[in-house]
Amino acid sequence: MTEHTAIDDGRTDAEDVADPGSDDPDVRTDGGEAIAPAGDDSPSFRERKERTDGLSRLTYEYFERSRREDQVLRDDSDYVERDVLGFPAWPHEMIRNLSITSFFVGVILFVSATMPPPLEAAANPTSTPAVILPDWYLYWSFGILKTEPLNLELAILGGEKIASDRTFAVLLHGPIIVMLFLVPFLNKGSARRPVEQPFWSAVGVFGVLLAFTMSLQAIVNLMAQRLPLLTADLILWLHLSIPFLGAVITYAVLKSMREGYMYDLNRRYYRLRPPR
Amino acid sequence: MSLERTDEFDRGDWIEEKDLSRVERGYLVTLMWLDKRFRLVDYLELLEDAYYKTNLQMPKSHTEQYNLDNKFWYWYPLYSLGSLSIIAYVILAISGALLGFYYSPSATTAAGQEATIAYNQMVFIMTDLNFGFMLRSIHRWAAQFMVAAVFLHMLRVYFTGAYKEPRELNWILGVVLILLTLLFGYSGYVLPWNQLAYWAAQIGLEMARSVPIIGEWAAQLLFGGFSPGAPTLMRMYILHVFVLPFVVTALIAIHVGIVWMQGIAEPH
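Residues numbered from 1 in each chain as written. Chains lettered and ligands numbered in written order. Predicted model: local features only at pLDDT ≥ 70, side-chain atom pairs only at ≥ 80, totals over all residues. Heavy atoms only, no water.

1. Some thoughts on the confidence of the model for chain A
- For chain A, per-residue confidence averages 76 on the pLDDT scale, and 66% of positions sit at 70 or higher.
- In the predicted structure, residues 1-21 of chain A sits below a pLDDT of 50 and forms 7 contacts with residues beyond four places in sequence or in another chain. (pLDDT = per-residue confidence, 0-100. Contact = heavy atoms within 4.5 Å.)

2. What about the interface of chain B and chain A?
- Each partner contributes residues to the interface: chain B has 68 residues there, and chain A has 74 residues.
- Both faces considered, chain B and chain A share a buried interface measuring about 6500 Å² in area, 68% of it formed by carbon and sulfur atoms.
- Viewed at the interface, chain A and chain B are joined by 1 salt bridge.
- Across the salt bridge formed by Arg166 of chain A and Glu206 of chain B, the nearest N and O atoms sit 2.8 Å from each other.
- At the junction of chain B and chain A, the tally comes to 21 residue pairs in polar contact (both at pLDDT 80 or more).
- Among the secondary structure elements, those contributing two or more residues to the side of chain B that touches chain A are helix H4 (62-65), helix H7 (81-100), helix H8 (117-127), helix H9 (132-159), helix H10 (168-190) and helix H11 (195-209) of chain B.
- Looking at the side of chain B that touches chain A, the element that brings in the most residues is H9 of chain B, giving 17 residues.
- Split by residue class, the side of chain B that touches chain A holds 46 nonpolar, 13 polar and 9 charged. (Buried area = accessible area lost by both parts, 1.4 Å probe. Salt bridge = Lys/Arg side-chain N within 4 Å of Asp/Glu carboxyl O. Polar contact = N/O pair within 3.5 Å; in protein donor to acceptor, adjacent residues only side chain to side chain. Helix = DSSP H or I, 4+ residues; strand = E, 2+ residues; numbered from the N terminus. Nonpolar A, V, L, I, M, F, W, Y, C, P; charged D, E, K, R; others polar.)

3. Looking at helix H12 (residues 215-223) of chain B
All names here are of chain B.
- Looking at H12, one finds that the buried residues are Gly215, Ala218, Ala219 and Phe223. End-on view of H12: buried residues confined to an arc of 100°, all on one side of the axis.
- In the segment just after H12, Gly224 is the residue with positive phi, at about 65°. (Buried < 20%, exposed > 50% of the residue type's maximum accessible area, 1.4 Å probe, protein only. Arc of directions from axis to C-beta.)

Here you go:
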């Protein structure tokens, strides 16, 4: 207080708050109203500093609190930690891992010794080969490229297509990959076994079967040649309906399995806690 | 104040009272001398820590706690698919490095030759080089096994619901890794520069070009032009042996690290 009055030439604090800088209206060094309007509640540097201090303090308090909560959970839990439990890493786990590893490496070496790759013809830009195929793991993508009939003609645009067949097929990869990314955010809950989640297992079976039928779609032109009854369009619709069929069957089977599964669980439960 | 060094912990007296033999004394003095300079005790602590961790007796797992082992053991092969793909990846790295000694990513034709240098080098590896035929065969088959293991690994994770609550980000990382594995396979498929490789490059190029807006740019970035040629092969090569190995190895390390941190999601 004493320092304050000494600096402000004897003015009191009350005057200071009520009418800041009004002792001489001609000499104003704060830039006037335009820069710092009266009643502006933007924080001072001190306040800013305190706020950042507040954040770190908050973080610290949160950590303290969550540690305390963990301890409370641990105290409440009836899980008893014992001294020696499961298998030791050496030798048990290591011997199992080494045997699996050497078996797998052995299989690779055996297969590559018995089925080496052929010596193909050199690249020739002037002659397109009759059958172009990527490696098997990209068949699904190559099959998607042959789904032109899905690219519908829109009546609004006078029977024109929004995207060319090729662009459409390439863009069709997008939603499929995005669906894969979204899986954990669409299917929540604690169910783990397929019996406990028939719907999502059916979705999975749909995906697997779709990958297979899309791989077959990659050779649709060969199939249409060999099997005269199947037109290319018919094959495509077959390839889209087989996954649906598989999904429905999976759903039905798992649903009926769940009845028995839940019955078993319930029976065990009621044996422990008989109904009153 | 004296300029003589003081013995803060009174080590001299400590050694005296130990009544050591000459060898023991020499050892202890050397150890203390080295420790003062190199902080050996810290490393000894690390070693001790590693020793106890190797011989750690794991706490009872979920499977053991609820006696699921009799139901679990025949699913075990499905739970080793992730490590199988890593093993295949290691085999690929080794055989790929050996192949790289002899391969040359050049789609130009040397004077007096009919085929391109890349194709001729591939033929050299397969016909002239000792063990080269087997080497290429191993690299190719290990790639097939890796892709298969990665696909099956994803199916196992899906059908056992292992991507659920704490593990969403690792699932996303896994999807990224699968896409990168496919890109790895594709770029490797192009390298021999045979008929199928050339036309696979052609199809990839057309696919890249038909993406709206960024298509042409993507085609030029990945394939170095609008028709397959020397720049295409060079870019696929750099992708295959320089870019992807670093990225995929780093992502696999993160993927496994997260599994290590969060634990394996066991069936319920």
